[in-house]
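Below, each chain spelled out in residue letters.
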Amino acid sequence: MERVPGIGGHFMRAADPVALGAWYRDCLGLDADENGLWGVGRFGRVADPEGNRIELWQPA
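Residue numbers here run from 1 along each chain, matching the order of that chain's written sequence. For this predicted model, a pLDDT threshold of at least 70 governs which residues receive local features, and a threshold of 80 or more governs which side-chain atom pairs are given and counted, while totals over whole chains, interfaces and linings are taken from all residues. Think of the side-chain values as coming from all heavy atoms in the structure, minus any hydrogens and water.

1. What to know about the confidence of the model for the protein
Caution is warranted with low-pLDDT regions, since their predicted coordinates should not be read in detail. Summary of the metric used: pLDDT quantifies the predictor's per-residue confidence within the range 0 to 100. Counting all residues, the mean pLDDT for the protein is 77, and 78% of those residues have values of 70 or more. Within the protein, the element-level pLDDT minimum falls on strand β1 (residues 6–7), averaging 58, and the maximum on helix α1 (residues 17–28), averaging 83. Only runs of H or I of at least four residues qualify as helices and only runs of E of at least two qualify as strands under DSSP, and these elements are numbered from the N terminus.

Here it is in C-alpha cells:
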C-alpha cells in the first residue's frame, strides 16, 4: 500500500499578500516563487468520512 508523505495545501486570503508573504519568508523560511507557490509536487483532494476536506501531497 502506498503512503502519503504529507498533508499540504493551505489556502488563505490576505489583506496584504506582500506583507504576509514576507512574514512566511522571514519567520518560516518559505520563499514563494513568482506565482506565489512554495513547493513542487503532486496534490490530491479528498474528504474524510465527516466531510472534512484535506489535500494530500507527494513531493515531485
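2. Here we look at the pairing of strand β2 (residues 41–47)
Between any two strands, at least two bridges found by DSSP are needed for them to pair. Bridge count between β2 and strand β3 (residues 53–59): seven bridges; the pairing is antiparallel. Following the sheet pairing, Gly 41 is matched in β3 by Pro 59. Taken together, β2 and the strand that follows it, β3, pair antiparallel across an intervening segment of five residues, in which Gly 51 is found at a positive phi of about 90°.

3. Considerations on a nonpolar patch on the surface
Patch definition: residues with relative accessible area over 30% and no salt bridge; like charges joined within 9 Å; nonpolar side chains (Val, Leu, Ile, Met, Phe, Trp, Tyr) joined within 5 Å. Accessible surface is estimated by sampling points in the Shrake-Rupley manner with a 1.4 Å probe; for residues, cover comes only from the protein chains shown. Salt bridges are defined as contacts in which a side-chain nitrogen from Lys or Arg sits within 4 Å of a carboxyl oxygen from Asp or Glu. A contiguous nonpolar surface patch, about 290 Å² in accessible area, is contributed by Trp 23, Leu 28 and Leu 30. Locating Leu 28 in the fold gives a position in helix α1. By relative accessible area, Leu 28 is classed as partly exposed at 49%. Buried means the residue's accessible area, taken with a 1.4 Å probe over protein chains only, is under 20% of the maximum for its type, while exposed means over 50%, and partly exposed covers the values in between.

4. A word on the pattern of salt bridges
Within the structure shown, the criterion is met by two salt bridges. The shortest N-O distance in the salt bridge between Arg 25 and Asp 26 comes to 3.1 Å. Residue Asp 26 is classed as exposed on the basis of its relative accessible area of 56%. In this structure, Glu 55 and Arg 45 form a salt bridge, with 2.9 Å as the shortest nitrogen-oxygen distance. Placement of Glu 55 in strand β3 and of Arg 45 in strand β2 is noted, with a sequence separation of ten residues between them. For Arg 45, a relative accessible area of 65% gives the class exposed.

5. Here we look at the environment of Val 46
In this structure, Val 46 sits in strand β2. Val 46 sits in the partly exposed class, given a relative accessible area of 38%. A sequence separation of ten residues divides Val 46 from Leu 56, and the C-alpha atoms of the two residues are 7.7 Å apart. Residue contacts are defined here by distance: any two heavy atoms, one from each residue, within 4.5 Å place the two residues in contact. Filtering out sequence-adjacent residues up to four positions away, Val 46 remains in contact with Asn 52, Arg 53, Ile 54 and Leu 56.

6. Quick word on the environment of Arg 42
Relative to the helices and strands, Arg 42 resides in strand β2. When the C-alpha positions of Arg 42 and Leu 56 are compared, they lie 8.2 Å apart, and in sequence the two are 14 residues distant. Those residues in contact with Arg 42 that lie beyond four places of it in its chain are Leu 56, Trp 57 and Gln 58.

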